[in-house]
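# Commentary on secondary and tertiary structure
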Amino acid sequence: MGDFSELQMVLQLVGEDIRAYLSTTYPWLPITVVAGFSLANSIRVLAYVPQILKASRDENGATAISFVTWGLFLLSHMTTVAYALVQLADVVMALIFLG
């Protein structure tokens, strides 16, 4: 793999294979992933606003963030990984949200 375009093409093919396997093996998965992704990210937005305000006023910063918010952050990232793989076949996006 000499250049970036080859890597991008390989990752796209891998993503399409993952999406095809998951959609075929678990036919209920695509709609479940979209619903989970939408719900988690909608709730996340509502949970973040008060936490951002709280953290901006707190001298210790992140210690002011609740465990619920951190949990929603984790949930939203995991549903984004699932959405990227199942709906978009986008391995790069999935890797970004894993890291």
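Shown above is the structure to which this text applies.
Presented here is an overview of the structure given in this document. The structure presented is a predicted model; accordingly, all values stated were derived computationally and were not measured.

## Focus: the overall build of the protein
- Helix and strand content of the protein: 4 helices and 0 strands.
- Counting from the amino terminus, the protein carries its helices and strands in the arrangement α-α-α-α.
- In terms of C-alpha radius of gyration, the protein reaches 17 Å, well past the compact-globule figure of 13 Å for 99 residues.
- Dimensions along the principal axes, computed over C-alpha positions, put the protein at roughly 50 × 40 × 15 Å.
- By residue count, 25% of the 99 residues in the protein fall in the buried class.
- Considering only contacts in the protein between residues 6 or more positions apart, those separated by 24 or more positions represent 59%.
- As displayed, the protein offers around 6800 Å² of accessible surface, 70% of which is attributable to carbon and sulfur atoms.
- Across the protein, 4 positive and 7 negative side-chain charges occur, with their mean positions spaced 19 Å apart.

## Things to note about the environment of I31
- Relative to the helices and strands, I31 is located in helix α2 (residues 29-57).
- On the basis of relative accessible area, I31 is assigned to the exposed category, the value being 62%.
- Put simply, I31 and F4 are 27 residues apart on the chain and 33 Å apart in space, counted from C-alpha to C-alpha.

## Let's talk about the nonpolar core
- Core analysis: the largest hydrophobic core is formed by 5 residues, namely V81, A84, L85, V91 and A94.
- Looking at this core, the elements with two or more residues in it are α3 (67-86) and α4 (91-98).
- When residues no more than four places from it in sequence are discounted, the contact partners of L85 are G15, I18, R19, D90, V91 and A94.

## Overview of the packing of α3 against α4
- At a minimum axis separation of 8 Å, α3 and α4 run at an interaxial angle of 170°. The orientation of α3 relative to α4 falls into the category roughly antiparallel. Residue-level contacts link H77, M78, T80, V81, A84 and L85 of α3 to V91, M93, A94, F97 and L98 of α4.
- Classifying every residue of the contact of α3 with α4 by side-chain character gives 9 nonpolar, 2 polar and no charged.

## Things to note about the packing of α2 against α3
- α3 packs onto α2 with a crossing angle of 150° between their chain directions and a minimal axis gap of 8 Å. The orientation of α2 with respect to α3, classified from their angle, is roughly antiparallel. Relative to α3, α2 is oriented so that their crossing is left-handed.
- Its residues assigned to classes, the contact of α2 with α3 comprises 15 nonpolar, 7 polar and 1 charged.

About the cut-offs
Residues numbered from 1 in each chain as written. Predicted model: local features only at pLDDT ≥ 70, side-chain atom pairs only at ≥ 80, totals over all residues. Heavy atoms only, no water. Helix = DSSP H or I, 4+ residues; strand = E, 2+ residues; numbered from the N terminus. Rg over C-alpha atoms; globule rule 2.2 N^0.38 Å. Buried < 20%, exposed > 50% of the residue type's maximum accessible area, 1.4 Å probe, protein only. Contact = heavy atoms within 4.5 Å. Areas by Shrake-Rupley, 256 points an atom, 1.4 Å probe, with all protein chains shown as cover. Lys, Arg positive; Asp, Glu negative; His and termini not counted. Charge placed at Lys NZ, Arg CZ, Asp CG, Glu CD. Core = buried A, V, L, I, M, F, W, Y, C linked by side-chain atoms within 4.5 Å. Axes fitted to C-alpha atoms, helices over the stretch in contact; angles between N-to-C directions. Parallel < 35°, antiparallel > 145°, perpendicular 65-115°, else oblique. Nonpolar A, V, L, I, M, F, W, Y, C, P; charged D, E, K, R; others polar. Left-handed = near helix turned anticlockwise from the far one by under 90°.

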